[in-house]
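# Remarks on the overall topology
The lines below spell out each chain.
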Amino acid sequence: MKQLIVVSIVVAAAAAIAGFGLGYELHPSLTAPPVARDVKLTDVTFSCVPSAQTPYLEGALQFNLTSTYRTNIVASVAYTGDWTGDTNQLVYPNGTKHVAVTWGPGMMQNIDVTSCPRVGVVIWLIQQDLMACPNPPCDAGLNPAP
C-alpha cells in the first residue's frame, strides 16, 4: 500500500512538472506584436519665379508629411543646400499634412536672391506624444507651425 502511495505521488509530481513545462512553452505572448510606425516625406516641390521686387526671386517649398503613428507627432524638417533652416510641423494620428513654406522678399522666409537656390528637405527629428495631455493646457516646448 505504501508503495502504491509513493508511486502515485511520483506520477502526480511528474505530471504537474510536465504540465507546468508545457504550459510555459505554449503560453500566449504577453507583448503586443510590433506595429510599424513611420513618417514619410513626399511630393516635394520647389518653385522659383521673378518677384514683384526686381531683381529678386520668390517661390514656395511644398511637401507632404504622412504619419502612421497612433498619436500626434511633431516632425522637424530641415532645408538643405543653398537655403538652410527647418520647420516643426504637427501631424495628427494616421494623417497627412501638406506644408507650404514661401520664400523671397517679405515672405515667410525673407530671402533676397537673384538666382534660384538649390534646396532639399530631410526629416531630422520626430517627437511623439506618448499620451493625451492629462491636464490641459500642455506644452511640449516645440511650438509647431500651424
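To be clear, the structure that these remarks concern was listed above.
The shown structure was predicted, so the numbers you read here are calculated from the model rather than taken from an experiment.

In terms of helices and strands, the protein chain carries one helix and eight strands. Once local pairs closer than 6 in sequence are excluded, the contacts in the protein chain between residues at least 24 apart make up 65%. Only carbon and sulfur atoms are counted for the fraction: they give 62% of the accessible area of the protein chain, which is about 10100 Å².

By size, the foremost hydrophobic cluster in this structure holds 18 residues, and its most contacted members are L61, F63, L65, I73, Y79, W83 and W103. Sorting the residues of this core by element identifies β3 (57–67), β4 (73–81) and β6 (96–104) as the ones contributing at least two each. Leaving out residues up to four positions away in the same chain, Y79 has contacts with L61, T84, G85, D86, T87, V101, Q109, V119, G120 and V121.

Within the structure shown, the criterion is met by four aromatic pairs. When the ring of F46 is compared with that of W103, the centres are 5.5 Å apart and the planes differ by 0°; the resulting orientation is stacked. Of this pair, F46 sits in strand β1 (residues 39–46) while W103 sits in strand β6; the two residues are 57 residues apart in sequence, bridging distant segments of the chain.

Judged by side-chain polarity, M1, L4, I5 and I9 come together as a nonpolar surface patch covering roughly 480 Å² of accessible area. Given the relative accessible area of 76%, M1 is considered exposed.

A few words on helix α1 (residues 2–26). Relative to the 36 Å expected for 25 residues at 1.5 Å per residue, α1 spans 36 Å between its end C-alpha atoms, a close match to the ideal helical length. The element α1 is barely covered by neighbouring structure, given that only zero of its 25 residues are classed as buried.

What counts as what
- Residues numbered from 1 in each chain as written.
- Predicted model: local features only at pLDDT ≥ 70, side-chain atom pairs only at ≥ 80, totals over all residues.
- Heavy atoms only, no water.
- Helix = DSSP H or I, 4+ residues; strand = E, 2+ residues; numbered from the N terminus.
- Contact = heavy atoms within 4.5 Å.
- Areas by Shrake-Rupley, 256 points an atom, 1.4 Å probe, with all protein chains shown as cover.
- Core = buried A, V, L, I, M, F, W, Y, C linked by side-chain atoms within 4.5 Å.
- Buried < 20%, exposed > 50% of the residue type's maximum accessible area, 1.4 Å probe, protein only.
- Phe/Tyr/Trp six-rings, centres within 6.5 Å; stacked < 30°, edge-to-face > 60°.
- Patch = residues over 30% accessible without salt bridge, like charges linked within 9 Å, V, L, I, M, F, W, Y side chains within 5 Å.
- Salt bridge = Lys/Arg side-chain N within 4 Å of Asp/Glu carboxyl O.
- Expected span 1.5 Å × (residues − 1).

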